[in-house]
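Architecture at a glance
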Amino acid sequence: MYKLPYLFLFWALLPVSLMAQSDLLKSGPMVGYSEMREVAVWVQTAGPADVFLRYWQAEDSMASLRTRRLSTAYEEAFTAVFQIPFLEPGKTYHYALFINRKKISLPYETSFQTQSLWQWRRDQDPPQYTVALGSCTYINDSAYDRPGRTYGNDYQVFTSIHKKDPDMMLWLGDNVYLREADWYSRSGILDRYTHTRSTPEMQPLLASTHHYAIWDDHDYGPNDANRSFIGKEQTLEAFRLFWPNRISGLPGAEGGITSQFQFGDIDYFLLDNRYFRSPNRRTTGQRTILGNAQIEWLIDALKTSRAPFKMVVMGGQFLNTAAVHETYSTFPEERQKLLELIVEEKIPNVVFLTGDRHHTELSKLDTAGITIYDFTVSPLTSGPNTNVTEVNRHREEGTLVQERNFGMLTFSGAFRERQLKMQIFNSEGTLLWERTIAQ
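Residues numbered from 1 in each chain as written. Predicted model: local features only at pLDDT ≥ 70, side-chain atom pairs only at ≥ 80, totals over all residues. Heavy atoms only, no water.

1. Some points on the sheet that holds strand S12 (residues 210-214)
Adjacent strands of a sheet form backbone hydrogen bonds with each other and so pair up, either parallel or antiparallel. Convention followed: Whether two strands pair depends on DSSP finding at least two bridges between them. Helical segments are the DSSP runs of H or I of at least four residues, strand segments are the runs of E of at least two, and each set is numbered from the N terminus. Comment: axis = line fitted to C-alpha atoms, over the contacting stretch for helices; angle = value between 0 and 180 degrees taken between N-to-C directions.
Strand order in this open sheet of six strands is S12-S11-S10-S19-S20-S21, and the pairing throughout is mixed. Pairing within the sheet leaves two strands with one partner each, and these edge strands are S12 and strand S21 (431-438). Adjacent strand axes in the sheet meet at a mean angle of 20° when their direction is disregarded. For strand S10 (residues 129-134) and strand S19 (residues 405-412), the ladder comprises five bridges, and the chain directions are antiparallel. Opposite Thr 130, over in S19, you have Thr 410 as the bridge partner.

Structure below.
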């Protein structure tokens, strides 16, 4: 059993948060994955507790059901995940959280939705829906931050996202910034995840939007961390404790967070650019970001997909031609291999969703009749790069943003005539630019 930080040892003394959460609740509830007949809901209590949910269809509040009771414990940072089965497709449900048999009253909506069953139904098109996305969430903690000007700011971005009422949100990595004091202890890692997840402005968004995540270096380990990081099994454990993705790990391989899911008629491929990555400065052996097994899986999965848009979610930029920092252009052989495989297999409508860079831009590459996009969205609350001078030959004019921001995707249109609208908003929720691409 790990030694608990003071945050947990004195949980009963913690003040009520600004969002008026009960002192029994530390963070969440957060809605995780959504399938047609099953949904996940995550919660973290302030200490050891028994928890359950009551839930009901929005149109029938009198017919509520109850989940089985779960117990939160020290060993799992007092987290629990409810996998709610046997739901009906295409329905909105409301839910209430109970901790130690006490109903937790929250000043915002708690709800989830199941995906609709539209396939093979006459005159029924795929659903229109919206996705929020962003990367680089730094939540200040003065005792462990570097001296000087605070790095995190504009937490109201989460309120702005919540007001857009997205159906789901994609967290594109660096969702947590592990500090020097955290990297090499399990208790430090779990405390950092807890500190970030407990941000008051985040709670309403967590409670009623479905969340999916990948990681990048700062939630995996130290800056620019790679496969050699000795603590990666502990950060992998923390990721799985705090992000209830339906699947976490590449089929047939040990470790990592690789996953895939479908929302509506769109396929999402969640990649791990850290666990299998060779050191950036290594000069012998194969230089890789994803590793051969993950690349082969990705191409197999993309080729198998019948989705009108194939969304490849990865921490670092793929199309940016500037070989700077950790863009894929710093690994030119593997980048070229991936591009050639996509073209040779004639895989259409591939859109990379990336973060990491502390600026936002849309990149587009037309090659051999195939068009590939890279929609980079960064940062949410960490410090923005306000002096971008690198030359990205694939950057679409007018899409560079050098302030805190978030993105939105909207999928709409009839079957075989789907459209994808990409939008960027500043932290106050004001539209900065938008682009639409057709299937």
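From this point, things continue past the structure.
2. Section: helix H8 (residues 332-344)
Test applied: One less than the number of residues in a helix, times 1.5 Å, gives the span that helix is expected to have. Burial classes follow relative accessibility: with a 1.4 Å probe on protein chains only, a residue under 20% of its type's maximum area counts as buried, one over 50% as exposed, and anything between as partly exposed.
Taking 1.5 Å as the rise per residue, H8 with 13 residues should run 18 Å; its terminal C-alpha atoms sit 18 Å apart, in good agreement. Of the residues making up H8, those classed as buried are Glu 334, Arg 335, Leu 338, Leu 339, Leu 341, Ile 342 and Val 343. Looking one or two places after H8, you find Lys 346, whose phi comes out positive at around 55°.

3. So, the sheet that holds strand S17 (residues 361-367)
We apply this condition: Residue contacts are counted whenever heavy atoms from the two residues lie within 4.5 Å of one another.
A sheet is described by the order of its strands in space; here six strands give the open sequence S13-S14-S15-S16-S18-S17, paired in mixed fashion. The outermost strands of the open sheet, each flanked by one partner alone, are strand S13 (259-263) and S17. In this sheet, neighbouring strand axes are inclined to one another by 20° on average, regardless of whether the strands run parallel or antiparallel. In this fold H8 packs onto strand S16 (350-354), S17 and strand S18 (370-376), with an angle of close to 135° to the strand it touches most, S18.

4. A few points about the packing of aromatic side chains
For the record, the criterion: For Phe, Tyr and Trp, where Trp contributes only its six-membered ring, two rings pair if their centres lie within 6.5 Å, and the inter-plane angle classes them as stacked under 30 degrees, edge-to-face over 60, or tilted in between. By the criterion adopted, a ring carries a charge over it if an Arg CZ or a Lys NZ lies within 6 Å of its centre and within 35 degrees of its normal.
Considering all chains together, one arrives at 30 aromatic pairs under this definition. Here Phe 158 and Trp 171 contribute two aromatic rings whose centre-to-centre distance is 6.1 Å and whose plane-to-plane angle is 25°, an arrangement assigned as stacked. In this pair, Phe 158 is assigned in helix H2 (residues 157-163) and Trp 171 in strand S11 (residues 168-172), connecting sequence segments 13 residues apart. The exposure classification of Phe 158 matches that of Trp 171, with both residues buried. Ring-pair connections join several aromatic residues into one group, and the members of that group are Trp 183, Tyr 184, Trp 215, Tyr 220, Phe 229 and Phe 239. Positioned over the ring face of Phe 318 is Arg 335, at 5.9 Å from the centre of the ring.

5. A closer look at the packing of helix H7 (residues 292-304) against H8
Note the following rule: Relative orientations are named as follows: roughly parallel for angles under 35 degrees, roughly antiparallel for angles over 145 degrees, roughly perpendicular for angles from 65 to 115 degrees, and oblique for any other angle. By convention the crossing between two helices is left-handed if the near helix lies anticlockwise of the far one by an angle smaller than a right angle, and right-handed if it lies clockwise. Lys, Arg, Asp and Glu make up the charged group, whereas Ala, Val, Leu, Ile, Met, Phe, Trp, Tyr, Cys and Pro make up the nonpolar group; the residues left over, Gly among them, are polar.
Relative orientation of the contacting elements H7 and H8 amounts to 20°, with a least axis distance of 11 Å. Looking at the two axes, H7 sits roughly parallel to H8. Crossing geometry of H7 relative to H8 is assigned as right-handed. On H8, the residues touching Asn 292, Ile 295, Leu 298 and Ile 299 of H7 are Glu 334, Lys 337, Leu 338, Leu 341 and Ile 342. Along the lines of polarity and charge, the residues of the contact of H7 with H8 split into six nonpolar, one polar and two charged.

6. Overview of unusual backbone geometry
Geometrically, the link from Gly 28 to Pro 29 is a cis peptide bond, its omega value of 0° lying close to zero. Relative to the helices and strands, Pro 29 is located in strand S1 (residues 25-34). Between Ser 378 and the following residue, Pro 379, the backbone shows a cis peptide bond with an omega angle of -5°. Although it is not a glycine, Ala 77 sits at a positive phi angle of roughly 55°. Given the relative accessible area of 0%, Ala 77 is considered buried. Positive phi, close to 70°, is recorded for Arg 101, a residue that is not glycine.

7. Details of the pattern of salt bridges
Spelled out, the test is: Only one rule defines a salt bridge in this text: a Lys or Arg side-chain nitrogen within 4 Å of an Asp or Glu carboxyl oxygen.
Considering all chains together, one arrives at 16 salt bridges under this definition. Close ionic contact of Glu 59 with Lys 91 constitutes a salt bridge, the shortest N to O distance being 3.4 Å. Of this pair, Glu 59 sits in the loop between strand S3 (49-57) and strand S4 (65-66) while Lys 91 sits in the loop between strand S6 (79-84) and strand S7 (92-99); the two residues are 32 residues apart in sequence, bridging distant segments of the chain. Accessibility expressed as a relative area gives 29% for Lys 91, which makes it partly exposed.

8. Structural notes on the pairing of S19
Within S19, eight of the eight residues are buried, leaving the element largely enclosed by the surrounding structure. The alternating pattern of S19 places Asn 405, Gly 407, Leu 409 and Phe 411 on one face and Phe 406, Met 408, Thr 410 and Ser 412 on the opposite face, and all of these are buried. Sheet topology places S19 next to strand S20 (residues 419-426); eight bridges connect them, and they run antiparallel. When the bridges of S20 are listed, Gly 407 appears paired with Ile 424. Where S19 hands over to S20, the hairpin turn is made up of six residues, of which Gly 413 adopts a positive phi near 100°.

9. Some remarks on the side chain of Asn 426
As a reminder, the rule being used: Definition of a polar contact: a pair of N or O atoms within 3.5 Å, with one able to donate and the other able to accept a hydrogen when the atoms are protein atoms, and with sequence-neighbouring residues admitted only if both atoms are side-chain atoms.
Mapping Asn 426 onto the fold places it in strand S20. From its side chain, Asn 426 meets the backbone nitrogen of Glu 428 in a polar contact 3.0 Å long. At 2.9 Å, the side chain of Asn 426 forms a polar contact with the backbone nitrogen of Thr 430. The contacts of Asn 426, once residues within four sequence positions are left out, are Glu 403, Arg 404, Asn 405, Phe 406 and Leu 432.

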